[in-house]
Amino acid sequence: VYARPCPRRPASCTPPVGEGMVVHTQSDRLDAIRRGVMELYVSDHPAAWGEKAGTGGSEFDKVARTVGLTENRYGVDGRNHVKQENGVAPGHGSLTIDYIARDESNPYFTYDPAQCIVCSRCVRACEEVQGTFALTIEGRGFESRVSAGMHEAFVDSECVSCGACVQACPTDALREKTVLAKGLPERSTVTTCAYCGVGCSFKAEVKGDEVIRMMPYKAGKANHGHSCVKGRFAYGYATHKDRILKPMIRERVSDPWREVSWEEALTHTANEFR
Ligand code: SF4
Ligand code: SF4
């Protein structure tokens, strides 16, 4: 941002608010700075950019489009984290340092280091939102990368699969497997989790008539955009063949269940309140 009277363009989270401060978030100069930063990201992580690598709908992709990034002056032939066809990472020649295979160990989401821009959002989400401390950034400089546990696969680490890191990731480095397999959702409906009594709010994101993912709803008063693994990923019950779709009542525990109309079920429930 440009925050007068500060003559420079500091990151929006760093300058303290002061008397008479005027903040500008949009200008040609700021656009050029943002474009330059995105271009540097893209030069280092070409797989993080563009539809060819991920969903094309990540926050990173959207920002690249917003700042008008159509090409990158530095090219994509330099040292990067993308696996090359000859199996050797460019500029370094060491697959063990520059390239790490996707981690598909978690049943619900994928971690692809080649698309990671090492922004640390996932680390902070795991620490500050979830409180599990399963993630860290290991290595220095170009070798920096996200690491689960003690350099383990996600499924072997302390990760409890809450999905907070996936939600926070601005690229497709951490992405729900359903989104990668079926594409981005087309619409959403705010609903309440059907599991426990906390009553977390979710956006049920749908493509056609299929739920693609359940996103914790930020305006949800019980959960403020966070949830546990069940509401986030274990929503298969919605279409399970054994799901009960009609109300049923029984007078005694020993009686068989009897399908009834909603009106009869509600009247019965109201009458049974004492
Ligand atoms: S899914 Fe949850 S517990 Fe696992 S690494 Fe991400 S934020 Fe941490
Ligand atoms: S949030 Fe995504 S891009 Fe950022 S460090 Fe984590 S995995 Fe990498």
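Residues numbered from 1 in each chain as written. Chains lettered and ligands numbered in written order. Predicted model: local features only at pLDDT ≥ 70, side-chain atom pairs only at ≥ 80, totals over all residues. Heavy atoms only, no water.

## A short note on the site of ligand 1
Taken together, 13 residues lie near ligand 1, and Cys 126, Cys 159, Cys 162, Gly 163 and Cys 165 sit nearest. Here the residues of the shell around ligand 1 sort into nine nonpolar, four polar and no charged. (Near = heavy atom within 4 Å. Nonpolar A, V, L, I, M, F, W, Y, C, P; charged D, E, K, R; others polar.)

## Re the sheet that holds strand β8 (residues 201-207)
What the three strands build is an open sheet, ordered β7-β8-β9; its pairing is antiparallel. Each end of this open sheet is capped by a strand with a single partner; those strands are β7 (187-192) and β9 (210-216). Averaged over all neighbouring strand pairs, the angle between strand axes comes to 30°, with direction disregarded. Where β7 and β8 come together, six bridges link them in antiparallel fashion. Paired with Thr 192 across the two strands is Ser 201, which belongs to β8. (Pairing = 2+ DSSP bridges. Helix = DSSP H or I, 4+ residues; strand = E, 2+ residues; numbered from the N terminus. Axes fitted to C-alpha atoms, helices over the stretch in contact; angles between N-to-C directions.)

## Points about the nonpolar core
Core analysis: the biggest nonpolar cluster contains 17 residues, and Phe 109, Cys 122, Leu 135, Phe 154, Cys 165 and Leu 174 have the highest contact counts within it. Examining the composition of this core, we find that three residues originate from one element, helix α4 (residues 121-130), more than from any other. Beyond its immediate chain neighbours, meaning those up to four positions away, Cys 165 contacts Phe 109, Cys 122, Ala 125, Leu 135 and Leu 174. Met 38, Val 42, Val 67 and Leu 69 belong to the second largest nonpolar core, which has seven residues in total. (Core = buried A, V, L, I, M, F, W, Y, C linked by side-chain atoms within 4.5 Å. Buried < 20%, exposed > 50% of the residue type's maximum accessible area, 1.4 Å probe, protein only. Contact = heavy atoms within 4.5 Å.)

## A short note on the site of ligand 2
As a structural note, the neighbourhood of ligand 2 is formed by 13 residues, with Cys 116, Cys 119, Ser 120, Cys 122 and Cys 169 the closest of them. Of the residues in the shell around ligand 2, the class split is 10 nonpolar, two polar and one charged.

## Focus on the packing of helix α1 (residues 28-44) against helix α2 (residues 59-66)
Each pair of packed helices can be summarised by the angle the axes make with each other and by the distance between the axes. With their axes 10 Å apart at the nearest point, α1 and α2 run at an angle of 130° to one another. Classified by the interaxial angle, the pair formed by α1 and α2 is oblique. Note that α1 runs across α2; the crossing there is left-handed. Contact residues: Met 38, Tyr 41 and Val 42 in α1; Phe 60, Val 63 and Ala 64 in α2. (Parallel < 35°, antiparallel > 145°, perpendicular 65-115°, else oblique. Left-handed = near helix turned anticlockwise from the far one by under 90°.)

## Section: the pairing of β8
Along any regular strand the residues' side chains alternate between the sheet's two faces. Of all seven residues in β8, five are buried, a share of seventy percent or more. Here β8 pairs with β9 via six bridges, running antiparallel. Residue Ala 204 lies in a different strand from β9, and its bridge partner there is Met 214. Connecting β8 to the antiparallel partner β9 that follows it, the hairpin turn spans two residues, and Gly 208 within it adopts a positive phi of roughly 60°.

## What about α1?
Between its first and last C-alpha, α1 extends 25 Å over 17 residues, near the 24 Å set by a 1.5 Å rise per residue. If you check which residues of α1 are buried, you get Leu 30, Gly 36, Met 38, Glu 39, Val 42 and Ser 43. (Expected span 1.5 Å × (residues − 1).)

## Re the environment of Ala 168
Relative to the assigned elements, Ala 168 resides in helix α5 (residues 164-168). Of the residues examined, Ala 168 reaches a relative accessible area of 17% and is grouped as buried. Non-local contacts of Ala 168, meaning those with residues more than four positions away in its chain, are made with Arg 121 and Ala 125.

## A few points about unusual backbone geometry
Notably, Val 118 is not glycine yet its phi reads approximately 50°, a positive angle. By relative accessible area, which is 26% here, Val 118 ends up partly exposed. In the Ramachandran plot, His 224 falls in the positive-phi region, its phi being about 50° despite a non-glycine side chain. Positionally, His 224 belongs in the loop between β9 and α7 (229-233).

## Considerations on the packing of aromatic side chains
Aromatic rings considered in pairs are described by the distance between their centres and by the relative angle of their planes. Counting across every chain of the model gives six aromatic pairs. Their ring planes at 90° and their centres at 5.4 Å tell us that Phe 109 and Phe 154 sit as a pair that is edge-to-face. Taken together, the residues Phe 109 in strand β3 (residues 109-111) and Phe 154 in the loop between β5 (145-148) and α5 connect sequence positions 45 residues apart. Of the two residues examined, Phe 109 and Phe 154, each falls in the buried class. Between Tyr 195 and Tyr 237 the ring centres are 5.4 Å apart and the planes differ by 80°, which places this aromatic pair in the edge-to-face class. Of this pair, Tyr 195 sits in the loop between β7 and β8 while Tyr 237 sits in the loop between α7 and β10 (248-249), placing them 42 residues apart in sequence. (Phe/Tyr/Trp six-rings, centres within 6.5 Å; stacked < 30°, edge-to-face > 60°.)

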